[in-house]
Amino acid sequence: QLQVVSITIQCTLTNPDVANDDLTNTFDYVPIVEDVRKLAVQKKRRLIETFAEEIAQACFASTNIQSVLVSIRKPHKLPAVAAVGIQRTFERGYQ
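Residues numbered from 1 in each chain as written. Predicted model: local features only at pLDDT ≥ 70, side-chain atom pairs only at ≥ 80, totals over all residues. Heavy atoms only, no water.

The next subject is the overall build of the protein chain. Counting its secondary structure elements, the protein chain contains two helices and three strands. Traced from its N-terminal end to its C-terminal end, the protein chain shows the element sequence β-α-α-β-β. Once the C-alpha set of the protein chain is aligned to its principal axes, its extents read approximately 50 × 30 × 20 Å. The proportion of buried residues among the 95 residues of the protein chain is 25%. (Helix = DSSP H or I, 4+ residues; strand = E, 2+ residues; numbered from the N terminus. Buried < 20%, exposed > 50% of the residue type's maximum accessible area, 1.4 Å probe, protein only.)

The structure is reproduced here in C-alpha coordinates:
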(Lines give C-alpha, C1' and ligand atoms only; values in the text may rest on other atoms or scores of the structure.)
Protein backbone atom coordinates (compact mmCIF):
# COMPACT_ATOMS: atom_id res chain seq x y z
CA GLN A 1 0.00 0.00 0.00
CA LEU A 2 1.40 3.34 -1.07
CA GLN A 3 1.76 5.86 1.76
CA VAL A 4 2.66 9.50 1.17
CA VAL A 5 4.65 10.99 4.05
CA SER A 6 5.11 14.69 4.70
CA ILE A 7 7.29 16.02 7.51
CA THR A 8 7.46 19.60 8.72
CA ILE A 9 10.02 20.37 11.39
CA GLN A 10 10.55 23.29 13.71
CA CYS A 11 14.21 23.61 14.57
CA THR A 12 16.86 25.92 15.95
CA LEU A 13 19.65 26.80 13.57
CA THR A 14 23.05 27.39 15.14
CA ASN A 15 23.90 30.01 12.54
CA PRO A 16 20.68 31.35 11.02
CA ASP A 17 22.47 33.77 8.65
CA VAL A 18 21.32 32.28 5.34
CA ALA A 19 21.86 35.43 3.32
CA ASN A 20 24.99 33.92 1.77
CA ASP A 21 23.02 30.86 0.56
CA ASP A 22 25.35 28.42 2.33
CA LEU A 23 23.84 24.98 2.96
CA THR A 24 25.88 24.56 6.15
CA ASN A 25 23.71 27.30 7.72
CA THR A 26 20.50 25.31 7.31
CA PHE A 27 18.94 22.07 8.50
CA ASP A 28 20.07 18.97 6.61
CA TYR A 29 16.91 16.98 5.94
CA VAL A 30 18.66 14.21 3.97
CA PRO A 31 19.41 12.06 7.08
CA ILE A 32 15.76 12.32 8.14
CA VAL A 33 14.55 11.22 4.71
CA GLU A 34 16.97 8.29 4.81
CA ASP A 35 15.74 7.30 8.29
CA VAL A 36 12.11 7.43 7.14
CA ARG A 37 12.89 5.25 4.14
CA LYS A 38 14.56 2.69 6.42
CA LEU A 39 11.60 2.74 8.80
CA ALA A 40 9.15 2.28 5.93
CA VAL A 41 10.68 -1.01 4.83
CA GLN A 42 11.73 -2.24 8.27
CA LYS A 43 8.43 -3.89 9.20
CA LYS A 44 4.72 -3.96 8.48
CA ARG A 45 2.48 -1.86 10.69
CA ARG A 46 -1.26 -2.06 11.10
CA LEU A 47 -1.56 1.61 12.12
CA ILE A 48 -0.17 4.62 10.29
CA GLU A 49 -0.24 6.35 13.68
CA THR A 50 2.51 3.95 14.77
CA PHE A 51 4.56 4.86 11.73
CA ALA A 52 4.04 8.57 12.42
CA GLU A 53 5.33 8.16 15.98
CA GLU A 54 8.38 6.25 14.79
CA ILE A 55 9.11 9.02 12.29
CA ALA A 56 8.87 11.63 15.05
CA GLN A 57 11.24 9.63 17.27
CA ALA A 58 13.74 9.43 14.41
CA CYS A 59 13.50 13.19 13.87
CA PHE A 60 14.15 13.92 17.54
CA ALA A 61 17.50 12.16 17.24
CA SER A 62 18.57 15.57 15.91
CA THR A 63 18.95 17.73 19.00
CA ASN A 64 17.99 21.00 17.31
CA ILE A 65 14.44 19.86 16.44
CA GLN A 66 11.73 21.15 18.79
CA SER A 67 8.62 19.83 17.04
CA VAL A 68 7.62 17.65 14.13
CA LEU A 69 4.40 17.64 12.13
CA VAL A 70 3.95 14.25 10.47
CA SER A 71 1.29 13.70 7.84
CA ILE A 72 0.70 10.29 6.26
CA ARG A 73 -1.82 9.73 3.48
CA LYS A 74 -3.00 6.56 1.80
CA PRO A 75 -4.11 7.49 -1.72
CA HIS A 76 -7.19 5.73 -3.11
CA LYS A 77 -7.67 3.59 -0.01
CA LEU A 78 -11.45 4.00 -0.08
CA PRO A 79 -13.78 4.35 -3.06
CA ALA A 80 -14.73 7.90 -4.04
CA VAL A 81 -12.08 9.42 -1.75
CA ALA A 82 -8.76 10.76 -3.05
CA ALA A 83 -6.92 9.78 0.14
CA VAL A 84 -7.31 9.05 3.83
CA GLY A 85 -4.71 9.72 6.46
CA ILE A 86 -3.56 11.30 9.66
CA GLN A 87 -1.68 14.39 10.70
CA ARG A 88 -0.08 14.74 14.12
CA THR A 89 2.26 17.20 15.80
CA PHE A 90 4.88 15.87 18.19
CA GLU A 91 6.76 18.13 20.63
CA ARG A 92 10.20 17.25 21.99
CA GLY A 93 9.73 15.34 25.24
CA TYR A 94 6.24 14.06 24.34
CA GLN A 95 5.00 10.91 26.05
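The subject of this paragraph is the nonpolar core. A general trend in soluble globular proteins is that nonpolar side chains are found buried together. Within the largest apolar cluster, 18 residues are counted, with the highest numbers of intra-cluster contacts made by Ile-55, Ile-65, Val-70 and Ile-72. Every element with two or more residues in this core is listed here: helix H1 (30-42), helix H2 (48-59), strand E2 (65-75) and strand E3 (83-91). With seven residues, H2 is the single largest residue contributor to this core. With sequence-adjacent residues up to four places away left out, Ile-72 is seen in contact with Gln-3, Val-4, Val-5, Ile-48, Phe-51, Ala-52, Ile-55, Val-84, Gly-85 and Ile-86. (Core = buried A, V, L, I, M, F, W, Y, C linked by side-chain atoms within 4.5 Å. Contact = heavy atoms within 4.5 Å.)

Inspection of the entire model under this criterion finds zero disulfides. In this structure Cys-11 is not part of a disulfide, and its nearest cysteine sulfur, from Cys-59, lies 11 Å away. Here Cys-11 falls in the partly exposed class, since its relative accessible area comes to 24%. The buried category is assigned to Cys-59, whose relative accessible area is 1%. (Disulfide = S-S within 2.5 Å.)

In this section: the environment of Ala-56. Its place among the elements puts Ala-56 in helix H2. For the pair Ala-56 and Gln-1, spaced 55 residues apart in sequence, the C-alpha separation works out to 21 Å. Residues in contact with Ala-56, not counting those within four places in the same chain, are Val-70, Phe-90 and Tyr-94.

Two elements in contact, H1 and H2, have axes whose closest approach is 10 Å; the angle formed by their N-to-C orientations is 145 degrees. Relative to H2, H1 is oriented so that their crossing is right-handed. Seen from H1, the contacting residues are Ile-32, Asp-35, Val-36, Leu-39 and Ala-40; seen from H2, they are Phe-51, Glu-54, Ile-55, Ala-58 and Cys-59. For the contact of H1 with H2, the residue count by class is eight nonpolar, no polar and two charged. (Axes fitted to C-alpha atoms, helices over the stretch in contact; angles between N-to-C directions. Left-handed = near helix turned anticlockwise from the far one by under 90°. Nonpolar A, V, L, I, M, F, W, Y, C, P; charged D, E, K, R; others polar.)

Glancing now at the sheet that holds E3. Strand order across the open sheet formed by three strands is E1-E2-E3, with antiparallel pairing between neighbours. Sheet topology places strand E1 (4-11) and E3 at the edges, where each strand pairs with a single neighbour. Within the sheet, the average angular offset between the axes of one strand and its neighbour, ignoring direction, is 10 degrees. Where E2 lies against E3, nine bridges are found, and the strand directions are antiparallel. When the bridges of E3 are listed, Ser-71 appears paired with Gln-87. The strands touched by H2 are E1, E2 and E3; relative to E2, the strand with the most contacts, the crossing angle is about 150 degrees. (Pairing = 2+ DSSP bridges.)

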